Amino acid sequence: FYQTRKRSGDPVGNDEWIAVLITKTPETVLVCLPADSVSPPSYWLIDSHPRPQLGLDTSYAKLHSTMDTLLLSLQSIFPPTDLGPDVPEMMAMMYNSFDLYPLERKKLALRSE
């Protein structure tokens, strides 16, 4: 997430929020990362699935005050799966991979008239 945030936006600073859609079948969540100007920072995890093991019986949006606590929440949703010694390493890596899709608001160029 740090690299996704650093690569998006202005090289001087990030003045816009960025949303990151994360998928690992069958899970999909949305993470919202704050602009640099947001103080104190707030990191949002939006999940359409209930998580009874976490005491969440419906879809939810969870606020995190640090990137580290956000990552802990994501680790509980996307834990690594040990497939055992009979599964080839490449297949195990593919099974444990997930996709990230960063979404940013498109900045419109000002037209001079």
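Residues numbered from 1 in each chain as written. Predicted model: local features only at pLDDT ≥ 70, side-chain atom pairs only at ≥ 80, totals over all residues. Heavy atoms only, no water.

## A closer look at the overall build of the chain
Line of reasoning, step 1. Scanning the chain for helices and strands turns up three helices and five strands.
Line of reasoning, step 2. Sequence-ordered secondary structure for the chain, helices as α and strands as β, is α-β-β-β-β-α-α-β.
Line of reasoning, step 3. By the burial criterion, 25% of the 113 residues in the chain qualify as buried.
Line of reasoning, step 4. Intrachain contacts of the chain at a sequence separation of at least 6 include 40% that bridge at least 24 residues.
Line of reasoning, step 5. Accessible area for the chain stands at about 8,300 Å²; split by element, carbon and sulfur atoms hold 59% of it. (Helix = DSSP H or I, 4+ residues; strand = E, 2+ residues; numbered from the N terminus. Buried < 20%, exposed > 50% of the residue type's maximum accessible area, 1.4 Å probe, protein only. Contact = heavy atoms within 4.5 Å. Areas by Shrake-Rupley, 256 points an atom, 1.4 Å probe, with all protein chains shown as cover.)

## Digging into the environment of D82
Line of reasoning, step 1. Looking at where D82 falls in the secondary structure, it is placed in the loop between α2 (67–77) and α3 (89–95).
Line of reasoning, step 2. The spatial distance from the C-alpha of D82 to the C-alpha of N96 is 8.8 Å, given a sequence separation of 14 residues.

## Re the nonpolar core
Line of reasoning, step 1. Core analysis: the largest hydrophobic core is formed by 14 residues, its most contacted members being I22, V29, V31, L33, L45, L70 and L74.
Line of reasoning, step 2. Among the secondary structure elements, those contributing two or more residues to this core are β1 (18–24), β2 (27–33), β3 (43–47) and α2.
Line of reasoning, step 3. Residue contributions to this core peak at four residues, all from α2. (Core = buried A, V, L, I, M, F, W, Y, C linked by side-chain atoms within 4.5 Å.)

## A few points about unusual backbone geometry
Line of reasoning, step 1. With an omega dihedral of -5 degrees, the bond running from S39 to P40 counts as a cis peptide bond.
Line of reasoning, step 2. Following the sequence through the fold, P40 ends up in the loop between β2 and β3.

## Considerations on the pairing of β2
Line of reasoning, step 1. Of all seven residues in β2, five are buried; the element is thus mostly enclosed.
Line of reasoning, step 2. Strand direction decides the pairing type here: β1 and β2, joined by seven bridges, are antiparallel. Bridge assignment links I18 to a residue of β2, and that residue is L33.
Line of reasoning, step 3. Between β1 and β2, which pair antiparallel and follow one another directly, the connecting turn spans two residues. (Pairing = 2+ DSSP bridges.)

## A look at the packing of aromatic side chains
Between two aromatic rings, the relevant description is the distance of the centres plus the angle of the planes.
Line of reasoning, step 1. On inspection of all chains with the given rule, the structure shows one aromatic pair.
Line of reasoning, step 2. Taking 5.8 Å as the distance between ring centres and 25 degrees as the angle between the ring planes, the aromatic pair formed by F78 and F98 counts as stacked. Note that F78 is positioned in the loop between α2 and α3 and F98 in the loop between α3 and β5 (99–103), a separation of 20 residues in sequence.
Line of reasoning, step 3. Accessibility expressed as a relative area gives 42% for F98, which makes it partly exposed. (Phe/Tyr/Trp six-rings, centres within 6.5 Å; stacked < 30°, edge-to-face > 60°.)

## Some words on the confidence of the model for the chain
Interpreting fine coordinate detail is not advised for predicted regions of low pLDDT.
Line of reasoning, step 1. Within the chain, residue pLDDT values average 83, and 82% of them lie at 70 or more.
Line of reasoning, step 2. Within the chain, the lowest mean pLDDT, 52, falls on helix α1 (residues 2–7), and the highest, 95, falls on β3. (pLDDT = per-residue confidence, 0-100.)

## Digging into the pattern of salt bridges
Line of reasoning, step 1. Here the structure, examined in full by the defined rule, presents two salt bridges.
Line of reasoning, step 2. The partner of E27 in a salt bridge is R51, and the shortest N-O contact between them spans 2.6 Å. You can see E27 sitting in strand β2 and its partner R51 sitting in the loop between β3 and β4 (60–64), a full 24 residues away along the chain. The same class applies to E27 as to R51, namely buried.
Line of reasoning, step 3. Close ionic contact of D47 with R51 constitutes a salt bridge, the shortest N to O distance being 2.6 Å.
Line of reasoning, step 4. Judged by relative accessible area, which is 2%, D47 ranks as buried.
Line of reasoning, step 5. Among the ionic contacts, a cluster of salt bridges with common partners joins E27, D47 and R51. (Salt bridge = Lys/Arg side-chain N within 4 Å of Asp/Glu carboxyl O.)

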